[in-house]
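Fold and contact review
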Number of protein chains: 2
Amino acid sequence: MTETDPTQIKGFDRARQAASRALTEDYVEMISDLAAEFGEARITDLAARLGVAHPTATKAVARLKREGLAISRPYRGVFLTEKGEALAETVRARHRVVVALLCAVGVPKEVAELDAEGIEHHVSSRTLAAFEAYLTRKTD
Amino acid sequence: MTETDPTQIKGFDRARQAASRALTEDYVEMISDLAAEFGEARITDLAARLGVAHPTATKAVARLKREGLAISRPYRGVFLTEKGEALAETVRARHRVVVALLCAVGVPKEVAELDAEGIEHHVSSRTLAAFEAYLTRKTD
DNA sequence: CGCGAAATGTAGCCTCGGCTATAAATTTGG
DNA sequence: CCAAATTTATAGCCGAGGCTACATTTCGCG
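Residues numbered from 1 in each chain as written. Chains lettered and ligands numbered in written order. Predicted model: local features only at pLDDT ≥ 70, side-chain atom pairs only at ≥ 80, totals over all residues. Heavy atoms only, no water.

Here we look at the packing of helix H2 (residues 43-50) of chain B against helix H3 (residues 54-66) of chain B
Residue and element names in this part refer to chain B.
- Remark: H2 packs on H3, axes separated minimally by 8 Å, with the N-to-C direction vectors making an angle of 110 degrees. Relative to H3, H2 is oriented roughly perpendicular. Between H2 and H3, the contacting residues are Ile43, Leu46 and Ala47 on the first element and His54, Ala57, Thr58 and Val61 on the second.
- In terms of residue class, the contact of H2 with H3 is built from 5 nonpolar, 2 polar and no charged. (Axes fitted to C-alpha atoms, helices over the stretch in contact; angles between N-to-C directions. Helix = DSSP H or I, 4+ residues; strand = E, 2+ residues; numbered from the N terminus. Parallel < 35°, antiparallel > 145°, perpendicular 65-115°, else oblique. Contact = heavy atoms within 4.5 Å. Nonpolar A, V, L, I, M, F, W, Y, C, P; charged D, E, K, R; others polar.)

Some words on the protein's contact with DNA strand D
- As a matter of local geometry, DNA strand D sits amid 19 residues, with Ala53, Thr56, Lys59 and Arg63 of chain A together with Thr44 of chain B nearest to it.
- For DNA strand D, the backbone makes up 70% of the atoms found within 4 Å of the protein, where backbone means sugar plus phosphate.
- One of the side-chain N or O atoms of arginine 63 of chain A is found 2.8 Å from a phosphate oxygen in DNA strand D.
- Side-chain polar atom of arginine 42 of chain B to a phosphate oxygen of DNA strand D: 3.3 Å apart, as the coordinates give it.
- Residue assignment for the surface near DNA strand D shows that the elements contributing at least two residues are helix H3 (54-66) of chain A together with H2 and H3 of chain B.
- Considered class by class, the residues forming the surface near DNA strand D number 9 nonpolar, 4 polar and 6 charged. (Near = heavy atom within 4 Å. Polar contact = N/O pair within 3.5 Å; in protein donor to acceptor, adjacent residues only side chain to side chain.)

Quick look at the side chain of arginine 92 of chain B
All names here are of chain B.
- Turning to its location among the elements, arginine 92 is positioned in helix H4 (residues 82-104).
- A distance of 2.9 Å separates the side chain of arginine 92 from the side chain of serine 32, its partner in a polar contact.
- Once residues within four sequence positions are removed from consideration, arginine 92 is found in contact with Glu29, Ser32 and Asp33.

Here we look at unusual backbone geometry
- Not every positive phi belongs to a glycine, and tyrosine 75 of chain A is a case in point at roughly 65 degrees.
- The class for tyrosine 75 of chain A is exposed, based on a relative accessible area of 83%. (Buried < 20%, exposed > 50% of the residue type's maximum accessible area, 1.4 Å probe, protein only.)

Some words on the environment of arginine 49 of chain A
All names here are of chain A.
- The topology assignment puts arginine 49 in helix H2 (residues 43-50).
- In this structure arginine 49 comes out as buried when scored by relative accessible area, which is 9%.
- With 15 residues separating them along the chain, arginine 49 and leucine 34 place their C-alpha atoms 9.7 Å apart.
- Polar contacts involving the side chain of arginine 49 include one to the side chain of glutamate 37, which spans 2.9 Å.

Focus: the relation of the copies chain A and chain B
- Overlaying chain A with chain B gives an RMSD of 0.1 Å, the required rotation being 180 degrees about an axis along which the chain moves by 0.0 Å. Taken together, the rotation angle and the small translation identify this as a two-fold axis. When C-alpha distances to the rotation axis are compared across chain A, the minimum falls at isoleucine 119 of chain A, with a value of 2.6 Å.
- A share of 98% of interface residues in chain A that are also interface residues in chain B marks the association as one of identical surfaces. (Least-squares fit on C-alpha atoms with pLDDT ≥ 70 in both.)

A look at the packing of aromatic side chains
- Evaluated as defined, the whole model comprises 1 aromatic pair over all chains.
- Ring centres 6.5 Å apart and planes at 75 degrees place the aromatic pair tyrosine 134 of chain A and tyrosine 134 of chain B in the edge-to-face group. Of the two residues, tyrosine 134 of chain A is situated in helix H6 (residues 125-139) and tyrosine 134 of chain B in helix H6 (residues 125-139); the pairing between them involves two chains. We note that tyrosine 134 of chain A, like tyrosine 134 of chain B, is buried. (Phe/Tyr/Trp six-rings, centres within 6.5 Å; stacked < 30°, edge-to-face > 60°.)

So, H2 of chain A
- Every buried residue belonging to H2 of chain A is among Asp45, Leu46, Ala47, Arg49 and Leu50 of chain A, and all of these are buried.
- Phi turns positive one or two residues past the end of H2 of chain A, at glycine 51 of chain A, with a value near 75 degrees.

A closer look at H3 of chain B
All names here are of chain B.
- Between its first and last C-alpha, H3 extends 18 Å over 13 residues, near the 18 Å set by a 1.5 Å rise per residue.
- For H3, the complete set of buried residues consists of Ala57, Ala60, Val61 and Leu64. For H3, the angular spread of buried residues about the axis comes to 100 degrees, placing them on one side. Those residues of H3 that are exposed and angled more than 90 degrees off the buried face are Pro55, Lys59 and Arg66.
- Two residues or fewer after H3 comes glycine 68, characterised by a positive phi angle close to 75 degrees. (Expected span 1.5 Å × (residues − 1). Arc of directions from axis to C-beta.)

Any functional reading would require information that these geometric values do not contain.
See the structure below:
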């Protein structure tokens, strides 16, 4: 029998958990963006921006509501709760840092934006802190 | 109607595609590692290292076989095809670069290993090239 | 105002990647 | 060499997150 390496398993588990959080984070961020732009987030716009069919967005919003991140009434826009807004701000901030770090090490801006969309969900708080410290050092 | 931003959609699509590739890449890399260690990859060891139940590993291996990345006979070990080995090497190399870059910007080694497991699947070839260039610059 | 267009909701289906439980084959040790 | 332990396979379930098709509600405009 192979001696089970807990560190390695932990890495895969974390990656899987991050994958399941990614959708939530994307939707919350997008709802926040749309609210800032138009005053409310509509299902159709959410679906369009995320590149999915509307029923998919409807289901996702239902999940956000279950998790206490958003509220909505039938045939009306979607709004974030305080908890949802807080998460949105966290996600947005992390996104900015990841993009900035990628650019700082020489990744072209558009590529950085594209890759950050996937990478950001896997950046732990400790790695994020290291990124921020690096950017601060480099700026000074 | 919101003006659809193609760049943003592309980012989300890429992230979703990367998520579906991630499992394949993890399994292929792990099979390669086990083959190097023990001469063959057994379903039980694969499952243990990835932290899943064995039927889950069996299903995943079936998929790899469908995709021409691995071969196996009932009750025998799993082996990579040439295509599978090539993918494994690519994945392994990318993993090393990602870990090295994280370390280079100040992420502690153990954290880098954990986060890399999730991040690596979202690093495009252009970003990878930028990482390599940065590491080379820094080393010189 | 009322009607057609647009937006939202609902139903139902698919695939994937987990799981448990159970069966079959293989390996191992006495 | 046979029985027990281990390993692998299979069946069947679940939830997530896609989709299409169709029903319903709201909105905008003539």
